[in-house]
Amino acid sequence: MPLFLSGLIIFLSIVFILFVKSDFFSIKKIELTGKIDCTDINKIKDSSNLLGQNIFLANTAMVEKSLKEKFLCVKNINFSKAIPSTVKAEVFSRDPLAKLILVRWEASSSALIEGMATPSAGPNVEYLVDEEGIIFSEDFKDTNKIYILNQNFSLGTKVNDELQVALKILTNLKRVGIDPQNLTASDDFLVLHSTPRI
């Protein structure tokens, strides 16, 4: 019996070494599907670094995390493996809910509410934000605008709780057929600019 057990262990070790080292199970093809506006889908494929890895040992969860950090517009990636050597991935992009326009205003709250305030000197900073509150792009798509007063945000961050509430209000308004084009948000208030005025 010990001879049989030793032979089985040696056999399984050889099979495992051939399995891990063999080029047969090496990833040779990556098939990506999905529509991404912020980058070329081939850049995502190249950045995955999956080619040449063993299909069974490739950690697709870590690859997804890395790609989402590099390409902020990527919301999710669903990986599947087609043995012996193909990885398939469906890429989902973030959909912009609104454009955040960061503005420095010099005015009273009442002037801001009435839309009579004037911005201070300097260019506005514009970011796209999705329904989850993730700031993911500096793209200048035409979408709902939220003017953010005297606050700072940066790419790859999540908006604060007050602005998250404004995004939920905007989402719910859109669901019932009201689509305000502009909103103004501050620490103290949220103003919807729409026709008719609400």
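Residues numbered from 1 in each chain as written. Predicted model: local features only at pLDDT ≥ 70, side-chain atom pairs only at ≥ 80, totals over all residues. Heavy atoms only, no water.

Asks: Provide a residue-level description of helix H5 (residues 161-175), including the pertinent values.
Replies: Helix length check: H5 (15 residues) gives 21 Å between terminal C-alpha atoms against 21 Å at 1.5 Å per residue, within 8%. Within H5, burial applies to Leu163, Gln164, Ala166, Leu167, Leu170, Thr171 and Leu173. In this fold, the buried residues of H5 make contact with strand E4 (98-103), strand E5 (125-129), strand E7 (145-149), strand E8 (182-185) and strand E9 (190-193). Immediately downstream of H5, the backbone of Gly177 shows phi near 90 degrees, a positive value. (Helix = DSSP H or I, 4+ residues; strand = E, 2+ residues; numbered from the N terminus. Expected span 1.5 Å × (residues − 1). Buried < 20%, exposed > 50% of the residue type's maximum accessible area, 1.4 Å probe, protein only. Contact = heavy atoms within 4.5 Å.)

Asks: Please set out a nonpolar patch on the surface residue by residue, giving values where relevant.
Replies: Together, Phe4, Leu5, Leu8, Ile9, Phe11, Leu12 and Val15 make up a nonpolar patch on the protein surface, roughly 690 Å² of accessible area in all. Along the chain, Leu12 turns up in helix H1 (residues 2-21). Take Leu12: its relative accessible area is 48%, and that puts it in the partly exposed class. (Patch = residues over 30% accessible without salt bridge, like charges linked within 9 Å, V, L, I, M, F, W, Y side chains within 5 Å. Areas by Shrake-Rupley, 256 points an atom, 1.4 Å probe, with all protein chains shown as cover. Salt bridge = Lys/Arg side-chain N within 4 Å of Asp/Glu carboxyl O.)

Asks: For the sheet that holds E5, give the residues involved together with the corresponding values.
Replies: Consider a sheet: its strands pair through backbone hydrogen bonds, and that pairing is either parallel or antiparallel. Taken together, the 6 strands give an open sheet; going across it, the order is E6-E5-E4-E7-E8-E9, and neighbouring strands pair in mixed fashion. Since the sheet does not close on itself, it has two edges, and those belong to strand E6 (135-137) and E9, each with one partner. In this sheet, adjacent strand axes meet at a mean angle of 30 degrees when their direction is disregarded. Judged from the 4 bridges that link them, E8 and E9 form a sheet pairing that is antiparallel. Note on E9: the bridge partner recorded for Leu183 is Leu192. (Pairing = 2+ DSSP bridges. Axes fitted to C-alpha atoms, helices over the stretch in contact; angles between N-to-C directions.)

Asks: Could you give an account of the environment of Glu138, with specific residues and numbers?
Replies: In this structure, Glu138 sits in the loop between E6 and E7. Residue Glu138 is classed as partly exposed on the basis of its relative accessible area of 46%. Linking Glu138 and Tyr127, residues 11 residues apart in sequence, is a C-alpha distance of 4.6 Å. Apart from residues lying up to four places away in sequence, Glu138 is in contact with Glu126, Tyr127 and Leu155.

Asks: Tell me about the nonpolar core, and please be specific about residues and values.
Replies: In terms of nonpolar packing, the biggest core is built from 21 residues, with Ile27, Ile44, Leu50, Val74 and Val91 touching the most fellow members. In terms of residue count, strand E3 (residues 86-93) provides more of this core than any other element does, 3 residues in total. Not counting residues within four places of it along the chain, the set of residues in contact with Val91 comprises Leu32, Thr33, Gly34, Lys35, Ile36, Ile44, Val74, Asn76 and Ile77. (Core = buried A, V, L, I, M, F, W, Y, C linked by side-chain atoms within 4.5 Å.)

Asks: Describe in detail the packing of aromatic side chains, supporting the description with residues and values.
Replies: This model, assessed by the stated rule, comprises 2 aromatic pairs. Between Phe24 and Phe25, the ring centres sit 5.0 Å apart and the planes meet at 80 degrees, which makes this aromatic pair edge-to-face. On the basis of relative accessibility, which here comes to 51%, the residue Phe24 falls in the exposed class. (Phe/Tyr/Trp six-rings, centres within 6.5 Å; stacked < 30°, edge-to-face > 60°.)

Asks: Describe in detail the pattern of salt bridges, supporting the description with residues and values.
Replies: Under the defined criterion, the tally for this structure stands at 9 salt bridges. The salt bridge partner of Arg94 is Glu132, with a shortest N-O separation of 3.2 Å. Note that Arg94 is positioned in the loop between E3 and E4 and Glu132 in the loop between E5 and E6, a separation of 38 residues in sequence. When its relative accessible area of 12% is taken as the criterion, Arg94 is described as buried. For Glu132, a relative accessible area of 35% gives the class partly exposed.

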